[in-house]
Structure formats: structure tokens, C-alpha cells
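Results of the structural survey
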Amino acid sequence: MEMTISVSKSGLKFSRIVQGMMRLNQWNFTKTELEEFVQKCINLGVTTFDHADIYGNHTCEAIFGNILKDNPSLRNKIQIVTKCGIMLKNEKFPRRVAHYNTRKEHILESVDQSLKNFNTNYIDLLLIHRPDPFMNPEEIAEAFYQLSKAGKVLYFGVSNFTIQQFKTLQSKMNLNLVTNQIEISPYNLEHFQNDNIYFLMEKNINPMAWSPLAGGKLFNINDDKGKRITNALKEVAKDFNTESLDTIVYAWLLNHPVGIIPISGSGKIQRLKNAVDALEIKMDPEQWYIIYEAALGQRVP
Amino acid sequence: MEMTISVSKSGLKFSRIVQGMMRLNQWNFTKTELEEFVQKCINLGVTTFDHADIYGNHTCEAIFGNILKDNPSLRNKIQIVTKCGIMLKNEKFPRRVAHYNTRKEHILESVDQSLKNFNTNYIDLLLIHRPDPFMNPEEIAEAFYQLSKAGKVLYFGVSNFTIQQFKTLQSKMNLNLVTNQIEISPYNLEHFQNDNIYFLMEKNINPMAWSPLAGGKLFNINDDKGKRITNALKEVAKDFNTESLDTIVYAWLLNHPVGIIPISGSGKIQRLKNAVDALEIKMDPEQWYIIYEAALGQRVP
Amino acid sequence: MEMTISVSKSGLKFSRIVQGMMRLNQWNFTKTELEEFVQKCINLGVTTFDHADIYGNHTCEAIFGNILKDNPSLRNKIQIVTKCGIMLKNEKFPRRVAHYNTRKEHILESVDQSLKNFNTNYIDLLLIHRPDPFMNPEEIAEAFYQLSKAGKVLYFGVSNFTIQQFKTLQSKMNLNLVTNQIEISPYNLEHFQNDNIYFLMEKNINPMAWSPLAGGKLFNINDDKGKRITNALKEVAKDFNTESLDTIVYAWLLNHPVGIIPISGSGKIQRLKNAVDALEIKMDPEQWYIIYEAALGQRVP
């Protein structure tokens, strides 16, 4: 399987595996360690980095941006994804209630802050983080249009949207939404069951998959579902002479015809390597279903 | 917020708040009292009256029509919405089973009866009251076409339809369905959860909201959900220096970008005034979510 | 009601009732008995026979084909429906896991085998038996195109697909999918509840109904639901002076405006006759709802 994937006919290319930066603040990297980590990602072919304004309680973007400041040549070797729309409530942000805000002015301000955090003048892909039941899709479309015209954001997408929510926002836009970042893993088949996967196939849109390992629940053999999936992964792993069960999970995702782009969220380069190794694996339907049915907990009818 | 809202590009205008007449027969108004009530509604800017053939066991239309007979100049100051399709079973209508009937001949007969009841020669908006699993959308479309051509009904819509049911009927029609009258209140978030709200946004269609106060359940503090919502309403009410919690509920509905048209079902003019007062309130996302999350019973993810 | 129904504008006609061959291997017919059975079906006007590659553990197609070999003139008097995509796991097929396979090469091979089994050079209608979560709709479309071009299959459809799965596959095809074969019976209202019925009405597509009698559960009076439905069927049967409750079930299906094509799965010609008798029955909404509400277990709102 190729290492890059075209996610828009207009030219956006991502690496087939994306490095997630949600826990960057917890990895306690020195600046040099982070530079080395990013370089190792690139060496593995992983050039796309997934962020959000809120990651690390609004700190991760700036930690990452700190190395871009001193390595300006890095910017055009990587693709930056970030998100907006969630309003946290905590000590740092003492709001009355955690909520979403997809008002035009908020989106514009959030992107300006992200650009500042990243020390860059453009975001490759901006996502609305969560579907906002109070959203005005026309306002979002307007914000996107302004950001595009100003060159601040090159492409737009959504995250965790239903089919209809996606259609509604798309219907108000001139540009095409290029992705829906959703949770997909053998542990979470929700987007097979709600038909999102089939919709994205219809529209030739690549989903980005967050939590492809379900935060480790996949491998928790103290949980019935985890145990069933682990056993299935082990069986399929044998076929490919590997003991890296996470490689098999990534292969299960990568082999799906919809063109899933998994996000690896670990700060350990070996875990990312395990994900990249999956690009070499070609799964047949039987192997894919061994894992799928273990996840379902029953055979297909 | 403006007092009128354009619900069709072809010209239909409704008042932003609609007066529901479902319980007109229970208000025990004399004819004079009803004339006064309707005049007070109009004075408040509420010119749209929501009926159905079956309200009051098929009596409410005629009670209302009784005042139109003697006040012919009233007709063009108001908009009449009515519905058809439900076949009651009771002492007056001793059928074998309560059911729906959306056959062409039934729709035509039902409208003729409504026109007679109202002492008018046109209905502003006719709704199919409930989605009929036995419906033939082509027959409904034919009935609508004939009624439109005869000038008996100016606009058409549905009530309680799913997205697909709406699309199916629309696909057989030349005219546009102008609304889906559905239950919406903080107590009933069903149409957020089934994506109807987002679909209506895509199509630029204003939902009419029945039971915006959930029949009082919103304020029932003996019920966990009612208690949570009441507390949230009280918190937001303070921001606007009001003690009318129902005003806050209406504001929550009116501020939603989909353009909800709430139906106030009370026969007390003060309750309608509380609804109209909500037009002055501009809610920010945080205020809207205080109520939404209280209704959900959890914070958004 | 007419005995034939046009299921495609391009010319495919089916009999209004279809004879299902899933249990052909269990009927223990001699070749002569099968010839007689098929002739009796044709005499009743039932010319469409529903098969699948897997029926009878991959034996039914060939049992049926055996009589076509010696009666070549029979072929153009009947329509053959068959299906592919399910990979059984059992003693005869000792796979690691039962699964689906909708890869292009599998579909092509499966059809070639079916043609051989049937001793024919064309299938009237080929269905994908189950929605395959691992499917590549473009590959299926390619397989369909090749089969069509080669004259091996005249029409294509699906079975048990959701609305979105149907749309996704259709979006990749040049030809129109002509049916979705789904379970419909008063005992199983699933496809009313998931809106499939309304979608098929929008698209003017006739669903084929499998298990119209719910495998007899309809008449099981030891089960609450079965008892309610049986009583309702008895009530409606009186209106039509019949004691064949199955005739009433078929009438309930045939009278629905979506144009349901029921599949009778019995090897007893009397049962098929009972189904065909239903073509004479015209049900009004009240009669239809007596059965529908008994099935629901509650009156409609």
C-alpha cells in the first residue's frame, strides 16, 4: 500500500498513517526530543499531524509550534490538522458549562490562535470537532469561506458528524468537506452500524480514524469483548508471521475499501512503526471477518 | 427578533409564535370571549392558528369557524393551519380500530369539511397529521395538487414525519412541503437525535414545534429530568431578569438557527404573552447549552 | 390485482407472487414431482423462482437445474432469481469463519457456478445476499457490468440492505438496482421502522418480501404477538369470507402501495394457491391497520 493518500482532488495529500498529538503535553519531551520524534515520524513516512485547539487543555498546539519556529523548513514537509468548536470548562476555563461554539467569530478567532500557536501562516485541514446541535451551518460555511480566501486554512472537514449533519453543512458550502474524523476500531463498530462508512464510500471521502486501538481496550483480556478480539487478532497475526497485534488492527483498518486513515496516538516511535508495518499486509475477506465477528460477538447471518 | 417569519419563498408568512387550538373546546369560551381572545392574539402579533380536523373530537374547527362567520374581515388577518389523516375511534366514531387514512378521497373530503367548519374558502396550510405506513405518496400528491388548483389549500406540509418519509412525499410533489410540525422542547430532544433538525436546516424548512413545554413536564420538579431542566431554566432566567421560565423555554427554541415556530397551546393570554416576550431574548451558546445539557442529563463530550 | 408486475422499466416482469426454493432439498421431490410442482406454479401464474447459491448447502440450484436440462422450453417461461456473497462454514465448507465475499472475482465465479447448476446461460436477477461491511461497491459494480455485458445476468439487486447501503452501491453503477429483498411480514415491521419501505417508494422500487409468514410465528398463539396477529387476521378474514389466514397475510402485503412481491417458501402447492388467492382481495385502510396495530401491540398515536 502506498505511503501517501490523496484526500482531495484539489491536491491535499496525507500520509496513510497520521500521528496524533492529543497527549503531546503528557509525553514530557524536551524540545530536542520533540524535534527528533517529528523527524523520526517523517523518516517513517508519517508527515501528517493531528491536533486540536483543546488538546492538553489548549497547550499541545503551542508545544508543537515551538519546534516549527526554529525549523521553518519543516513546515512544508508536514501537514497540520487541527480542530475547533469545543469550549472546555475547568480551572483554566471557568465557564458555567462545557459546550460547543461554532459561531463564525469563534471559528475565526480559534484559527487565528492556532496559527499563532503553531508559528505558521496556514493550517492544512481544519475540522469542526463535534457536531453542535446549536450550529448554524451557514455561519460555519461563511467562516470556512473567509479562512480559505485568506489562505489561513487550505481544506475543511468535520469530526464525529452523522451522515445528515455532514450533508447539511456540505449543502451550505462551496468547497468540499474532505473528511469526517470518526472513531473506528474493531472495538467500536458504530460507524458501520450507523451507515457512516457506506456514506463516505458513496462520496469517495476518506474517514480519519481516531482511537483505532480503542485506548487499549482491544487488548484487555479481562473484558469479554477484548478477549474475543485479542484471540482473533492473534489468529490472524499468525498468518502474517507477526506478534504485533496492533499491526494487525491497523491492517484491518487500512484494508477496508473506504480508505481509512488511522491516527496513532502514542508518543513511542515503535508504536508508530507497528502501524506503518501494516501497510505491507493484504487481508482477504476471511481474515477481515475473523476480527469483525469477534468484535460483533456473533457470526454474520 | 421579527414577529413574522416567511415559511415559503412563494409568500406564506406566519407569526413567529403560533396559537394552538387543540383544546379550544375545553376552554369553554363564549363566542364573545373567543372573539376577544383571537383579537388579543392578533394584538400580540400572533396571527397564525393551528388546528386539526380531529381536535376536540372534531369540534374545535367549527367553534373557531363560528366567529369567522360573523367577522368576515378577520379571515385575511390570520393564517389557518389544519391537519387531516387521523381516524379516531370512540363513541362518536365507532370504528373497529383507530387508524390513519391518507387516501386521496379522504383528504379531499376532510378538507371540504374543514372549509365548512371554518366558514372559509381556503386553508393557508394543510398538514398530513401523522406518517401513515399504508400511505401512497403519489395519491397524497394528487390530492394536494387538486386542492391547490381549486384554491382550497394554499400550502402543504407534514407532521411527525421522519427525514425519509418527508423526502418520499416531497419526491412525488410539484409543490414544496413548507414545514414538518414535530415535537420539540428541552424535554424532548428526539428530533435532534434523529437528525430531523439538521435535515430541515439543509432544506431551509422551518419546523413548527408542538408541545414546546412538554405539557408541563418541563417544570415538574418531582421528576429528575424536569428538576434538572427547571434548575437550568432558572439559572438562565436570571441572566435576563425574568421569572417566566416558559419565556426562557420559548427563547431556547426561537434562538435555534433552524427557525423553530413554537405553538403555544394555552387558552390564557398571559401564557401567550410569555411566549411572545421570548422574541426579545438573544441567547449565546453557553446559555443554550446550560438548558440542553440539563435536558440530556450529561455534559456534551 | 394483475398477476405480473413490472419490476424494471427496461422490461423485467415478475409474477406478483414468487415461489421460494430455499428448502427445495428438504421437499424430497423426485424429478417428476419437481417438474409437476413447477408446472403447477406456472399454471397458477407463478413464474418467478427465488434461489440462492447457498440454499440447501449449495444444492438447490442444481436440483432445480436438473429439470431445466430436460425441459429447455421451460427456461423462457420462468424467471430465475439467485444470490451470491455468503460464504458458509460447515463440514462441506470447512472455513475458519462464516463470512461474506463480494469481491469481483468471487461474484463472477459464483455466477458461473450458478449458470452451470441451473443448466442455463442467463440469470434473470442476481442479488447480493447480505450487505458486506467489507464490500467495495466499485468492485461489485464492475462485476455487475461484466456479467451484464456477457449476457450472463440480466438485472441486479440486493437483499437486506439499508437505505444508505443501497444508495452507495447504486451510486457506483450504470444500471439500476431493481429490488431490495427484505424480510416483511406483520410479524416483522423492521423495514417500516427503519424507513426502507418509504425509500423504496421514493425510488419506485418493488421490494421482494422474504419470510412473509415469519416462518409460521404469525400463527403461533402461544406467543403474545402471534396471538394478537392471529386474532386480527381472523377478524379481517371474516370480511372476505375466507378461513385461510395466510391469504389475509399475503393480501396485507400485496395491498401496500410500495408494491411488495412476496416469496412463498412452501413446497405445498395449496400454500402457494392461498397466496395467489390474495390477489383478489382489496383491503381498506381500516382492515390493514387492524393487522398492523395487532403487530405493533398498540394503537397508532
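Fair warning: this is a prediction, and the values are worked out from it, not measured in the lab.

What follows covers the overall build of chain A. Of regular secondary structure, chain A possesses twelve helices and twelve strands. For chain A, the C-alpha radius of gyration of 19 Å lies close to 19 Å, the compact-globule estimate for 301 residues. In terms of overall dimensions, chain A has a C-alpha envelope of 50 × 45 × 40 Å along the principal axes. The buried share of chain A, reckoned over its 301 residues, is 61%. Of the contacts formed within chain A by residues at least 6 apart in sequence, a portion of 74% connects residues at least 24 apart. For chain A, the exposed area adds up to about 12000 Å²; of that, 46% sits on carbon and sulfur atoms. Once the 34 positive and 32 negative side-chain charges of chain A are each reduced to a mean point, those two points are 3 Å apart.

Attention shifts here to the relation of the copies chain B and chain A. To go from the first copy of the chain to the second, apply a rotation about an axis and then a shift along the same axis. Aligned on chain A, chain B shows an RMSD of 0.0 Å; the corresponding rotation is 120° and the shift along the axis is 0.0 Å. Seen this way, the second copy is the image of the first under a three-fold rotation axis. When you check the interface residues of chain B against chain A, a mere 4% turn up at the interface there too, and the two sides of the contact use different surfaces.

So, about the interface of chain B and chain A. Facing 27 residues of chain B, the contacting portion of chain A comprises 24 residues. Summed over both partners, the interface of chain B with chain A buries about 2300 Å², with 55% contributed by carbon and sulfur atoms. When the area that chain B buries against chain A is broken down by residue, the three leading residues are B:Tyr198, B:Glu286 and B:Tyr289, summing to 27%. One can count two salt bridges joining chain B with chain A. One salt bridge connects B:Glu235 with A:Arg96, and the closest N-O pair in it is separated by 3.2 Å. Seen at the junction of chain B and chain A, the total is twelve residue pairs in polar contact (both at pLDDT 80 or more). Looking at which element gives the most residues to the side of chain B that touches chain A, the answer is helix H12 (residues 285–296) of chain B, with eight residues. Here the residues of the side of chain B that touches chain A sort into 14 nonpolar, four polar and nine charged.

As a further point, take helix H4 (residues 104–118) of chain A. Residue and element names in this part refer to chain A. In a regular helix each residue adds 1.5 Å, so 15 residues correspond to 21 Å; H4 covers 21 Å between its end C-alpha atoms and thus fits that length. Considering only its buried residues, H4 is in contact with helix H3 (60–70), strand S5 (79–84), strand S6 (86–87), strand S8 (123–128), helix H5 (137–149) and strand S9 (153–159). Positive backbone phi, approximately 55°, marks asparagine 119, located one or two places after H4.

Two orientations exist for strands paired in a sheet by backbone hydrogen bonds: parallel and antiparallel. Residues and elements named next belong to chain A. Spatial strand order, S3-S4-S5-S8-S9-S10-S11-S12: eight strands in a closed barrel with parallel pairing. Neighbour-to-neighbour, the strand axes of the sheet open up by a mean angle of 30°, direction not taken into account. Of the strand pairs in this sheet, S8 and S9 are connected by five bridges, and their pairing is parallel. Residue isoleucine 128 lies in a different strand from S9, and its bridge partner there is valine 158.

Below, the discussion takes up the sheet that holds strand S8 (residues 123–128) of chain B. Spatial strand order, S3-S4-S5-S8-S9-S10-S11-S12 (chain B): eight strands in a closed barrel with parallel pairing. Strand-to-strand twist across the sheet, computed as the mean angle between neighbouring axes with direction ignored, equals 30°.

This part is about the pattern of salt bridges. Within this structure, the stated rule accounts for 33 salt bridges over all chains. For the salt bridge of C:Glu202 with C:Lys203, the shortest nitrogen-to-oxygen distance reads 3.5 Å. Connected via shared salt-bridge partners are A:Arg96, B:Glu235 and B:Asp239.

This part takes up the pairing of strand S12 (residues 261–264) of chain B. Two faces belong to every sheet, and in a regular strand the side chains alternate between them. All names here are of chain B. Going residue by residue along S12, you find Ile261 and Ile263 tucked away on one face and Pro262 and Ser264 tucked away on the opposite face as well. With two bridges connecting them, strand S3 (residues 18–20) and S12 associate as parallel partners. Bridge pairing links glutamine 19 to serine 264 in S12. Looking at chain direction, strand S11 (residues 208–210) and S12 are connected through two bridges and run parallel. The partner of methionine 208 across the bridge, within S12, is isoleucine 261.

Residues and elements named next belong to chain B. With respect to the secondary-structure elements, threonine 230 resides in helix H9 (residues 224–239). Relative accessible area serves as the criterion here: at 4%, threonine 230 is assigned to the buried category. Considering only alpha carbons, one finds threonine 230 and valine 18, 212 residues apart in sequence, at a separation of 24 Å. The residues touching threonine 230, leaving out its near neighbours within four places in the chain, are Leu218, Phe219, Asn220, Ile221 and Leu245. From its side chain, threonine 230 meets the backbone oxygen of leucine 218 in a polar contact 3.0 Å long.

Our focus in this paragraph is the packing of helix H10 (residues 245–254) of chain A against helix H11 (residues 269–277) of chain A. All names here are of chain A. For the pair H10 and H11, the least separation of the axes is 7 Å and the interaxial angle reads 45°. Classified by the angle between their axes, H10 and H11 sit oblique to one another. Classified by chirality, the crossing of H11 by H10 is right-handed. Across from Asp246, Thr247, Tyr250 and Leu254 in H10, the residues of H11 making contact are Arg271, Asn274, Ala275 and Asp277.

The rules behind the values
- Residues numbered from 1 in each chain as written.
- Chains lettered and ligands numbered in written order.
- Predicted model: local features only at pLDDT ≥ 70, side-chain atom pairs only at ≥ 80, totals over all residues.
- Heavy atoms only, no water.
- Helix = DSSP H or I, 4+ residues; strand = E, 2+ residues; numbered from the N terminus.
- Rg over C-alpha atoms; globule rule 2.2 N^0.38 Å.
- Buried < 20%, exposed > 50% of the residue type's maximum accessible area, 1.4 Å probe, protein only.
- Contact = heavy atoms within 4.5 Å.
- Areas by Shrake-Rupley, 256 points an atom, 1.4 Å probe, with all protein chains shown as cover.
- Lys, Arg positive; Asp, Glu negative; His and termini not counted.
- Charge placed at Lys NZ, Arg CZ, Asp CG, Glu CD.
- Least-squares fit on C-alpha atoms with pLDDT ≥ 70 in both.
- Buried area = accessible area lost by both parts, 1.4 Å probe.
- Salt bridge = Lys/Arg side-chain N within 4 Å of Asp/Glu carboxyl O.
- Polar contact = N/O pair within 3.5 Å; in protein donor to acceptor, adjacent residues only side chain to side chain.
- Nonpolar A, V, L, I, M, F, W, Y, C, P; charged D, E, K, R; others polar.
- Expected span 1.5 Å × (residues − 1).
- Pairing = 2+ DSSP bridges.
- Axes fitted to C-alpha atoms, helices over the stretch in contact; angles between N-to-C directions.
- Parallel < 35°, antiparallel > 145°, perpendicular 65-115°, else oblique.
- Left-handed = near helix turned anticlockwise from the far one by under 90°.

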